[in-house]
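# Reading the structure
In case you want the letters, here they are:
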Amino acid sequence: GRKKGGGGAGLTERTVVQEDPGQVGTGGWDFYTISPDDATQHANGGRACLAKERWSMDVKGFVAAPYGPGVAAVVHSRRTFGSGAERYVYHFYEVSNDSPQTVMKFVGNQLTAKDPKHQENVNDPKFLRNFCRVQAKAQALAVNFNRRVQGKSAWQISFVECYIYTLTEWGVWEDGTGSVLVEPFLEGRFVKWNSNAGYVKPSQAPRQAGAGAARNDIGLFGIGEDEEEDDSDTDSLDSVAPFRMPEGNIEPDHAPQAFSHFTHSITDGKDLVCDLQGVWNETDGFMLTDPVIHHASGKGKNGRTDRGKEGIKKFFETHKCNPLCKRLGLNIFAESMRV
Ligand SMILES: [Zn+2]
C-alpha cells in the first residue's frame with residue numbers, strides 16, 4: 001500500500017474487529033431507527049439516524065437526501081472489512097425493519113460506510129464531510145469529461161455518490177451525535193490508476209513503437225486552449241468541446257490519466273483530481289471513489305491529502321500524454337505554464 005500524505009502519523013488508531021473475508025455483517029449490526037420515539041431510542045442504546053445528506057454542487061452545501069422506499073432504519077456492521085490510510089470501512093444498509101431483528105430486510109444496494117480510523121478525527125464534523133464534498137466535485141468534473149470525450153462507455157469516468165448519515169448513540173461521540181460517510185459497495189477488482197504523488201499504474205495495453213506518448217506531447221501545442229479559457233471556472237462545468245480528435249489507439253486505461261490531466265486544464269490550473277481508484281468494467285467504465293483534489297492555493301482546502309502545487313507538479317512529472325489527452329486537445333506544456 002501507498003501511504004497518502006498526512007495519513008496517520010502520530011494519531012491513535014481506534015480498536016476494531018475485522019470481519020472474515022467475504023462475510024457481510026458477521027458480528028452483528030448496529031441498528032439506527034430513523035426518527036424513533038424516545039422509548040424506542042432508549043431501548044436501543046440511544047441509537048437513531050437523524051439525517052441523510054449529500055453535497056450539492058448547485059447550492060455548495062449539504063442538502064437532505066431521500067432514503068430508499070420503505071426505509072425505517074439503517075444498519076452498520078460492527079466489524080470492519082478493510083481500512084485505508086484514514087478510514088475504516090464497514091458494511092452498511094438501509095433496511096425496512098422498524099426494530100432490531102435477526103433478519104435484516106435490506107432495501108437498495110449494498111453500501112459501504114467509511115468511519116474515521118483515528119480517534120482524533122472521530123469528533124471532527126468536517127472530517128468526513130470533506131471527503132464527500134471532494135468526491136462530488138470530482139464527479140462534476142467527470143460528467144464534463146465524459147461529455148467532451150464522447151467516447152465508449154468503457155472510457156467513462158464516474159465517482160460514486162456519497163452521503164453523510166448523522167447518527168446518535170450513547171457513548172460514541174462527544175456531543176452525542178456523529179456522522180458516517182456512506183457510498184455504494186464497489187464490486188469487482190479494486191485498482192489504483194494513479195496516486196496523489198505521481199504514481200501511474202503501468203498500462204496493460206500493448207505499446208506500439210512510434211505511436212506513444214512522446215509525439216502526443218507536441219504538435220498540438222495551443223490547440224484546445226481557446227475553448228478551455230471560456231469555462232475555466234470550476235463552477236461552469238457544462239459546455240461541450242466544439243471538435244474532437246480522432247480516436248487513435250485509445251485504451252480504457254488511458255481514461256483515468258487523461259481525466260486527471262483534464263481536471264487541471266478545465267479548472268485553469270486551480271485543481272487536479274488524482275488518486276484515482278475503484279473498479280472498472282466494459283459497460284460502466286470506471287467507478288471511482290476516494291479521490292484527492294490538489295488545490296493550487298496550497299491551503300489544503302481539500303483535506304490532508306491535498307498537497308497543493310507540489311502535488312500538481314508531481315503528477316505532471318510522471319504523466320505522459322496519451323491518445324485520449326490528444327483527443328481532448330490537452331498538452332503537457334500548457335499545464336506546466338500554469339503550475
Ligand atoms: Zn495528458
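Here is a short report on the structure shown in this document. Given the structure is predicted, the values throughout are model-derived calculations rather than measurements.

Turning to the side chain of Lys 114, a few remarks are in order. Residue placement: Lys 114 occurs in strand S6 (residues 106-116). Engagement of the side chain of Lys 114 in a polar contact is seen with the side chain of Thr 289, the distance being 3.1 Å.

Turning to the nonpolar core, a few remarks are in order. The biggest cluster of nonpolar side chains holds 36 residues, and the ones touching the most others in it are Phe 145, Ile 157, Phe 159, Phe 259, Val 273 and Leu 324. When residues of this core are traced back to their parent elements, those giving at least two are helix H3 (125-149), strand S7 (157-159), helix H6 (254-266), strand S11 (271-274), strand S13 (285-289), strand S14 (292-295), helix H7 (308-318) and helix H8 (323-327). For this core, the element with the highest residue contribution is H3, accounting for six residues. Setting aside residues up to four positions removed in sequence, Phe 145 forms contacts with Trp 155, Ile 157, Ala 255, Ala 258, Phe 259, Phe 262, Leu 324 and Leu 328. Counting 19 residues, the second largest nonpolar core, distinct from the first, contains Cys 49, Tyr 165, Trp 173 and Val 180.

Moving on to the pairing of strand S8 (residues 163-168). S8 sits mainly inside the fold: six of its six residues count as buried. By the alternation rule, side chains of S8 split into Tyr 163, Tyr 165 and Leu 167 and Ile 164, Thr 166 and Thr 168, which are all buried.

The next point concerns the environment of Cys 321. Following the sequence through the fold, Cys 321 ends up in the loop between H7 and H8. On the accessibility criterion, Cys 321 (1% relative accessible area) is buried. Taking C-alpha positions, Cys 321 is 6.9 Å from Ile 332, a pair spaced 11 residues apart along the chain.

It is worth spelling out the sheet that holds strand S10 (residues 191-192) at this point. Read across the sheet, four strands follow the order S7-S13-S12-S10 without closing on themselves; strand pairing throughout is mixed. Of all strands in the sheet, those bounded by a partner on one side alone are S7 and S10. As judged from the two bridges shared by S10 and strand S12 (residues 277-281), these two strands associate in the antiparallel manner. When the bridges of S12 are listed, Lys 192 appears paired with Gln 277. Docked against the sheet, H3 engages S7 and S13, running at close to 160 degrees with respect to S7.

Two numbers describe how H3 lies on H6: the axes approach to 10 Å, and their chain directions differ by 105 degrees. Judged by the angle between their axes, H3 and H6 are roughly perpendicular. Of the residues in H6, those in contact with Ala 138, Leu 141, Ala 142, Asn 144, Phe 145 and Arg 148 of H3 are Ala 255, Ala 258, Phe 259, Phe 262, Thr 263 and Ile 266.

A word on the pairing of S14. Both faces of S14 are covered, namely the face carrying Val 292 and His 294 and the face carrying Ile 293 and His 295. For S11 and S14, the ladder comprises four bridges, and the chain directions are antiparallel. Among the inter-strand pairings, Asp 271 is bridged to a residue of S14, identified as His 295.

Here we come to the coordination of the zinc ion. Under perfect tetrahedral coordination by four donors, a metal shows angles of 109.5 degrees; under perfect octahedral coordination by six donors, it shows angles of 90 or 180 degrees. Looking at the metal site, the zinc ion is ligated by His 261 (ND1), His 319 (NE2), Cys 321 (SG) and Cys 325 (SG), spaced 2.0 to 2.5 Å from it. Taken together, the four donor atoms coordinating the zinc ion and their angles of 98 to 122 degrees define a geometry best described as tetrahedral. One chain supplies every donor for the zinc ion, spaced along it as H-x57-H-x1-C-x3-C. With respect to class, Cys 321 is no different from Cys 325; both count as buried.

Reading the values: rules and limits
- Residues numbered from 1 in each chain as written.
- Predicted model: local features only at pLDDT ≥ 70, side-chain atom pairs only at ≥ 80, totals over all residues.
- Heavy atoms only, no water.
- Helix = DSSP H or I, 4+ residues; strand = E, 2+ residues; numbered from the N terminus.
- Polar contact = N/O pair within 3.5 Å; in protein donor to acceptor, adjacent residues only side chain to side chain.
- Core = buried A, V, L, I, M, F, W, Y, C linked by side-chain atoms within 4.5 Å.
- Buried < 20%, exposed > 50% of the residue type's maximum accessible area, 1.4 Å probe, protein only.
- Contact = heavy atoms within 4.5 Å.
- Pairing = 2+ DSSP bridges.
- Axes fitted to C-alpha atoms, helices over the stretch in contact; angles between N-to-C directions.
- Parallel < 35°, antiparallel > 145°, perpendicular 65-115°, else oblique.
- Donors = N, O, S within 2.8 Å, 3.2 Å for Na, K, Ca; no water.
- Tetrahedral: all angles 85-135°; square planar, octahedral: opposite > 155°, others 65-115°.

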